[in-house]
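# Structure at a glance
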Amino acid sequence: MAGYFSKYNSICQKDHKERNELEISLTNCKYRGEGNAAVAIALLKEKKVLRLLKSEKNEKESMKREVSDKLRRYVEFVHTVMKPLLSPAFLHCPNLVNLSVEDVRTLNKIMEGQRPDYRVWKLVPEAPTSAIVLQDYCTFPCTFPNLPTEGPVIGIEIKAKQGFLPPLEILPKDQKIKASICRFCLLQHYKVKKGTKPSISQYCPLDLFSGCPHRMKVAIQNLFKTPQNNLRIVRDQEIVYSREKKGSLRTVFCDFFHNSENEIDSFALLIIQALLKVFPGAITSNGLLPAIKPCHQFCVKSSKLCSTECAASHVLPDGCVLHRILQVQQLDTTDIANLYPQFKALKDQLNNGDSCLEKLLLVLAIHRGLGKTERQSWETESSFISRKIWEFLLSLTAKDCSIMVVMQRLKERTAHIPDENVLLDNNGRPYLFSLGLVDLDYKQLSKIESAYYNDCQAIQILQKRSNDTVPHKYC
Ligand SMILES: O=P(O)(O)O[C@@H]1[C@@H](OP(=O)(O)O)[C@H](OP(=O)(O)O)[C@H](O)[C@H](OP(=O)(O)O)[C@H]1OP(=O)(O)O
Ligand SMILES: Nc1ncnc2c1ncn2[C@@H]1O[C@H](COP(=O)(O)OP(=O)(O)OP(=O)(O)O)[C@@H](O)[C@H]1O
């Protein structure tokens, strides 16, 4: 096959992890969490995570057999597309491993009683399979040996979601509302109605991506209040705070800080620092992506605490993880409302619909026109639309990925710890930290139709809820 999937076929072979390097046993493995597509099991000694794909209970045998192809694609996609786009500073490339039926049986046993009810309609079939081995981002990488740390290791996962609004002028008349309510907030009522969300989240991604410490703090406090699948906290490799486990945050932070005053605020400040930390290796000097558009956007749900002066001075610094994610998210320049009809027209033009288009997209990989809003001189109308589709899919991955932050108190600040791995609390006391990105799946073409459909449904529901056009009535 043409394109990056064939070009980088060797990556998987080279990085193939030996099964005997991993201890898959009831004592060494712990359920770490799951999403719609995959389940993650922590390997405690190895400080790795096994990511297994799930399938629907009645899925066809042939679909189950595709697991290893899907994972190979995943590894190649992360290595050749997402790593350069989101920066090698935030990604370690995953490996593939083959698992026997006994391994899967053991892993399923470990998951028993741990999985949330609303996820069990999918499972890991009891059969030999492949899985992905990732670094456990709730522990420190092995390149951080023997540092003077103490107290618990706290891992935080933030699924930040879409951090910008599409410009009003590009939206069709019946979708103008999308310029005043962000996609995350827009979809909330629809998801609650469908039963996939328990309640309306108080979190607004525009606050988190604002770069304003005030608004970011509100975003994090709201994540604490309604974590849904947007916030998880792991303490010493054990999940202690999530949608399913909402205990006391004070207990979570017990022994974590140098002193025990205002732990929750102090923790929010450390997270903000981590999210705004500049990693020299992540500064976008390579010109791969266009500059981000201003991030001072407000949706009807976002916090209004940021003053005018503050809005002018607070930006996401180039080289921080939020900046980089937002850049990739903003590859979506046309909005699905405009892209979907173009996608349908192009599919009709092509003889072989989806599969032909898939091939067209795969050769794009990291294209020299990436992110350009206008059609380039070398592009035909259909190659321009293919690029827009490809950009939308890349952007979708960045809108759905999770940021993993891990922290531990440092007894002292030693010279050989790089600045980029140290956070300071309000009293200037140091914490070791590290950061990574997970859930970087390649999004299939079918996502274009579902994204369009979901937006239309969500708009309808919102409009039904209130015929009043005053924006705050929507929430
Ligand atoms: O489109 P969204 O915003 O509803 O995102 C979906 C997520 O919803 P949520 O983050 O909970 O709001 C959804 O998450 P959940 O299943 O709700 O945990 C998935 O991540 C889904 O991706 P995929 O189908 O697994 O590839 C996500 O779908 P896509 O990002 O692939 O569209
Ligand atoms: N490398 C890792 N280190 C630590 N935890 C991880 C790692 N990879 C995954 N996890 C945990 O497992 C959960 C599920 O993994 P992942 O997000 O890849 O599943 P998914 O099904 O693709 O999710 P989604 O529904 O969001 O698409 C994550 O939300 C995270 O809590």
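Residues numbered from 1 in each chain as written. Chains lettered and ligands numbered in written order. Predicted model: local features only at pLDDT ≥ 70, side-chain atom pairs only at ≥ 80, totals over all residues. Heavy atoms only, no water.

This is how it is decided: UniProt positions are given in the numbering used here, feature names are shortened, and annotations may be inferred rather than shown by experiment.
As annotated in an unreviewed UniProt entry, the chain carries the name Inositol-pentakisphosphate 2-kinase and is attributed to Limulus polyphemus. Taken from UniProt, the Sequence similarities (unreviewed entry) comment for the chain reads in full: "Belongs to the IPK1 type 2 family." In its Catalytic activity (unreviewed entry) section, UniProt records this for the chain: "1D-myo-inositol 1,3,4,5,6-pentakisphosphate + ATP = 1D-myo-inositol hexakisphosphate + ADP + H(+)".

### Quick look at the site of ligand 2
Short version of the rule: One heavy atom within 4 Å of a molecule or strand makes the whole residue count as near it. Here a polar contact is recorded for every N or O atom pair within 3.5 Å, except that within protein the pair must consist of a potential hydrogen donor and a potential acceptor, and residues adjacent in sequence are included only if both atoms are side-chain atoms. The Shrake-Rupley method, run with a 1.4 Å probe, gives the accessible areas here. Residue values count only the displayed protein chains as cover. The helix count covers DSSP runs of H or I at least four residues long, the strand count covers runs of E at least two residues long, and both are numbered beginning at the N terminus. In this classification, the charged set is Asp, Glu, Lys and Arg, the nonpolar set is Ala, Val, Leu, Ile, Met, Phe, Trp, Tyr, Cys and Pro, and all remaining amino acids, among them Gly, are polar. Residue ranges for the domains trace back to a domain assignment, done automatically or taken from a database.
Taken together, 22 residues sit near ligand 2, with N36, A38, R51, E157 and R232 positioned nearest. Interatomic distance of 2.6 Å between a backbone N/O atom of N36 and an oxygen atom of ligand 2. A distance of 2.7 Å separates an oxygen atom of ligand 2 from a polar atom in the backbone of A38. In isolation ligand 2 offers 620 Å² of accessible surface; the protein chains occlude 94% of this area. Elements supplying a minimum of two residues to the shell around ligand 2: strand 1 (29–34), strand 2 (38–43), strand 3 (48–53) and strand 7 (129–135). Each residue belonging to the shell around ligand 2 can be placed in one class, and the counts come to 8 nonpolar, 4 polar and 10 charged. Composition of the shell around ligand 2 by domain shows at least three residues from each of domain 1 (4–135) and domain 2 (146–475).

### Quick notes on the site of ligand 1
As a matter of local geometry, ligand 1 sits amid N36, R119, K159, K161, R183, L187, K191, K197, N229, D400, K443 and K447. Here an oxygen atom of ligand 1 sits 2.6 Å away from a polar atom, N or O, in the side chain of K197. Within the side chain of K443, an N or O atom sits 2.8 Å from an oxygen atom of ligand 1. When isolated, ligand 1 has an accessible area of 600 Å², and the protein chains bury 81% of it. With 3 residues, the top contributor of residues to the shell around ligand 1 is helix 6 (residues 183–194). In terms of residue class, the shell around ligand 1 is built from 1 nonpolar, 2 polar and 9 charged.

### Side note on the pairing of strand 2
Looking down a regular strand, the side chains alternate between one sheet face and the other. So the rule is basically this: Buried, partly exposed and exposed residues are distinguished by accessible area as a fraction of the type maximum, computed with a 1.4 Å probe on protein chains only: under 20%, between the cut-offs, and over 50%, respectively. The rule for pairing is simple: two strands pair if DSSP sees at least two bridges between them.
Most of strand 2 is tucked away, with 6 of its 6 residues classed as buried. Burial of strand 2 is two-sided: the residues A38, A40 and A42 facing one way and the residues V39, I41 and L43 facing the other way are all buried. In this sheet, strand 2 lies alongside strand 1 in antiparallel orientation, the contact comprising 5 bridges. Bridge pairing in strand 2 places C29 opposite L43.

### Some points on the sheet that holds strand 8 (residues 149–158)
This is how the line gets drawn: Between N-to-C directions, angles cover 0 to 180 degrees, with each direction set by a line fitted to C-alpha atoms, over the stretch in contact for helices.
If you trace the 6 strands from one edge of the open sheet to the other, you get 10-9-8-11-13-12, paired in antiparallel fashion. Since the sheet does not close on itself, it has two edges, and those belong to strand 10 (238–241) and strand 12 (422–424), each with one partner. Neighbour-to-neighbour, the strand axes of this sheet turn through a mean angle of 30°, independent of strand direction. In terms of strand pairing, strand 8 meets strand 9 (residues 231–235) through 5 bridges, oriented antiparallel. If you follow I154 over to strand 9, its bridge partner there is R235.

### Quick look at the pattern of salt bridges
In plain terms, the rule: Criterion for a salt bridge: a side-chain nitrogen of Lys or Arg within 4 Å of a carboxyl oxygen of Asp or Glu.
What the rule picks out here adds up to 27 salt bridges. A salt bridge links D136 to R32, with the nearest nitrogen and oxygen atoms 2.8 Å apart. One end of the pair, D136, is in the loop between strand 7 and strand 8; the other, R32, is in strand 1, with 104 residues separating them in the sequence. Comparing D136 with R32 shows no difference in burial state: the two are buried. Taking the shortest distance from any N to any O, the salt bridge between R409 and E150 comes out at 3.1 Å. With R409 in strand 11 (residues 402–410) and E150 in strand 8, the pair connects residues that are 259 residues apart, well separated along the chain.

### Regarding helix 5 (residues 101–111)
For clarity, the cut-off: By definition, residues are in contact when any of their heavy atoms lie within 4.5 Å.
With 8 of its 11 residues buried, helix 5 lies for the most part within the structure. Considered for burial, the residues of helix 5 that qualify are V101, D103, V104, T106, L107, N108, I110 and M111. Contacts made by the buried residues of helix 5 are with strand 1, strand 2, strand 3, strand 5 (95–99) and strand 7.

### Things to note about the side chain of S201
Its place among the elements puts S201 in the loop between helix 6 and helix 7 (205–208). In contact with S201, not counting residues within four places along its chain, are F184, Q188, T226, Q228 and K301.

### Quick look at the packing of aromatic side chains
Using the following cut-off: A pair of aromatic rings is counted whenever rings of Phe, Tyr or Trp (Trp by its six-membered ring) have centres within 6.5 Å, and the orientation is called stacked for planes under 30 degrees apart, edge-to-face for over 60 and tilted otherwise. Note on criteria: charge over ring means Lys NZ or Arg CZ within 6 Å of the ring centre, with the direction from the centre no more than 35 degrees off the ring normal.
Applying the stated criterion across every chain yields a total of 15 aromatic pairs. Between F253 and F257, the aromatic rings sit 6.1 Å apart at their centres with planes inclined by 70°, giving edge-to-face as the arrangement. With relative accessibility at 1%, the residue F253 sits in the buried group. With a relative accessible area of 8%, F257 lands in the buried category. Judged by centre distance (4.3 Å) and plane angle (20°), the rings of Y340 and Y452 are stacked. With Y340 in helix 13 (residues 336–349) and Y452 in helix 16 (residues 446–465), this residue pair connects regions lying 112 residues apart in the sequence. Joined through ring pairs, the aromatic side chains of F224, F253, F256, F257, F267 and Y431 make up one cluster. The ring centre of Y74 lies 4.8 Å from the NZ or CZ of R51, which sits over that ring. Positioned above the aromatic ring of Y118, the side-chain terminus of R243 is 3.8 Å from the ring centre.

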